[in-house]
Amino acid sequence: MSVTLKDLIHEFAPDSRPDQEQAEGLAAPDPGYDGATALLVRDFLDAVEALSGVLEEESACIAAGMLDRLEVFAHRKAAMAEQLESAVLRARDEGIRLPDDLRTMTLERIDRLERAVSVNASGLVALRKAVLTINRNLLIALEKASSDGTYARDGQARRPVELSASGLNATL
């Protein structure tokens, strides 16, 4: 079963305490989190924002046909995914619970990230299909070019060499 970021954020919901509701009416409102929690959430949100930005930038590059930076984007995305994983693991290990205001803010940022992931994945899938189509067309052209126009006894076309995609240089 796959766990989404939203599931993890809901997992960090605070435990409800009935005596807390009575105490809130008498004292100044407590934000429900300490400095360590705030720093961890800030680190997590910064990583989510940065990853969303990288995905949006990569999607724009794909749409514009600027494919020479895809490897750089892959490395940046991997590094940011590690930051997100680290923040989530720290929150889980420290038993951090997010109050409603932080959870709402976090879920909004994750919604943006999910949209960026969806657009980015669509662009990468389209790019992959285009590369496979180009590769297939090149192989067909090579097949036709290498055929000597004769046929074997079994009816198969004869060619002087065997073609495969392994020796094909199809860089874009």
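Every chain begins its residue count from 1, and numbering advances along the sequence as written. The predicted nature of this model means local features are confined to residues of pLDDT at least 70 and side-chain atom pairs, given and counted, to a pLDDT of 80 or more, with totals for whole chains, interfaces and linings taken over all residues. Processing note: side-chain calculations cover all non-hydrogen atoms of the structure and skip hydrogens and water entirely.

Points about the overall build of the protein
Right, so step 1: In this text, helices come from DSSP runs of H or I with a minimum length of four residues, and strands from runs of E with a minimum of two, each type numbered from the N-terminal end. Along the protein, the regular secondary structure elements total five helices and zero strands.
Right, so step 2: Its helices and strands in sequence order give the protein the pattern α-α-α-α-α, from N to C terminus.
Right, so step 3: Looking at the protein residue by residue over its 172 residues, the buried ones come to 23%.
Right, so step 4: Considering only contacts within the protein whose residues lie at least 6 apart along the sequence, 78% involve residues at least 24 apart.
Right, so step 5: Carbon and sulfur atoms provide 55% of the accessible area of the protein, an area that totals close to 11,800 Å². The rule is simple: take the accessible area with a 1.4 Å probe, protein chains only, and divide by the maximum for that residue type; under 20% is buried, over 50% is exposed, in between is partly exposed. In what follows, residue pairs with any heavy atoms lying within 4.5 Å of each other are defined as contacts. Per-residue accessibility takes into account occlusion by the displayed protein chains alone, with areas from the Shrake-Rupley method and a 1.4 Å probe.

Structural notes on the nonpolar core
Right, so step 1: Nonpolar core, defined: a set of buried Ala, Val, Leu, Ile, Met, Phe, Trp, Tyr and Cys residues in which side-chain atoms within 4.5 Å join the residues together. Residues F44, L51, L84 and L113 are the most contacted members of the largest nonpolar core, which totals 22 residues.
Right, so step 2: Elements supplying a minimum of two residues to this core: α3 (35-64), α4 (70-94) and α5 (100-146).
Right, so step 3: In terms of residue count, α3 provides more of this core than any other element does, 10 residues in total.

With respect to the environment of M80
Right, so step 1: Along the chain, M80 falls in helix α4.
Right, so step 2: For M80 and A50, which are 30 residues apart along the polypeptide, the C-alpha to C-alpha distance reads 7.5 Å.
Right, so step 3: Every residue in contact with M80, bar those within four places of it in the chain, is listed here: A50, L51 and V54.

A few points about the pattern of salt bridges
Right, so step 1: Each reported salt bridge corresponds to a side-chain nitrogen of Lys or Arg within 4 Å of a carboxyl oxygen of Asp or Glu. Under the definition given, this model contains nine salt bridges.
Right, so step 2: The partner of D46 in a salt bridge is R42, with the nearest N and O atoms 3.9 Å apart. Taken together, the positions of D46 and R42, both in helix α3 and four residues apart, correspond to about one turn of that helix.
Right, so step 3: Judged by its relative accessible area of 45%, D46 is partly exposed.
Right, so step 4: A salt bridge links D43 to R90; the nearest nitrogen and oxygen atoms lie 3.6 Å apart. With D43 in helix α3 and R90 in helix α4, this pair connects stretches of sequence that are 47 residues apart.

Brief notes about the side chain of K77
Right, so step 1: Inspection of the secondary structure puts K77 in helix α4.
Right, so step 2: Overall, K77 belongs to the buried group, its relative accessible area being 19%.
Right, so step 3: Apart from the residues lying within four places of it in its own chain, the contact partners of K77 are L51, V54, L55, E58, N120 and L124.

What about α4?
Right, so step 1: Compared with an ideal rise of 1.5 Å per residue, which puts 25 residues at 36 Å, α4 spans 36 Å between its outermost C-alpha atoms and is within 8% of the ideal.
Right, so step 2: The complete set of buried residues in α4 reads L70, F73, K77, M80, L84, A87, V88 and A91.
Right, so step 3: Note on α4: the residue one or two positions beyond its end, G95, has a positive phi of about 65 degrees. Given the number of residues in a helix, its expected span is that number minus one, multiplied by 1.5 Å.

Let's talk about α3
Right, so step 1: Over its 30 residues, α3 runs 43 Å from end to end, which matches the ideal 44 Å to within 8%, given 1.5 Å per residue.
Right, so step 2: Following α3 by one or two positions, G65 adopts a phi angle in the positive range, close to 80 degrees.

Observations regarding the side chain of S59
Right, so step 1: You can see S59 is positioned in helix α3.
Right, so step 2: Taking relative accessible area as the criterion, S59 reaches 14% and is therefore assigned buried.

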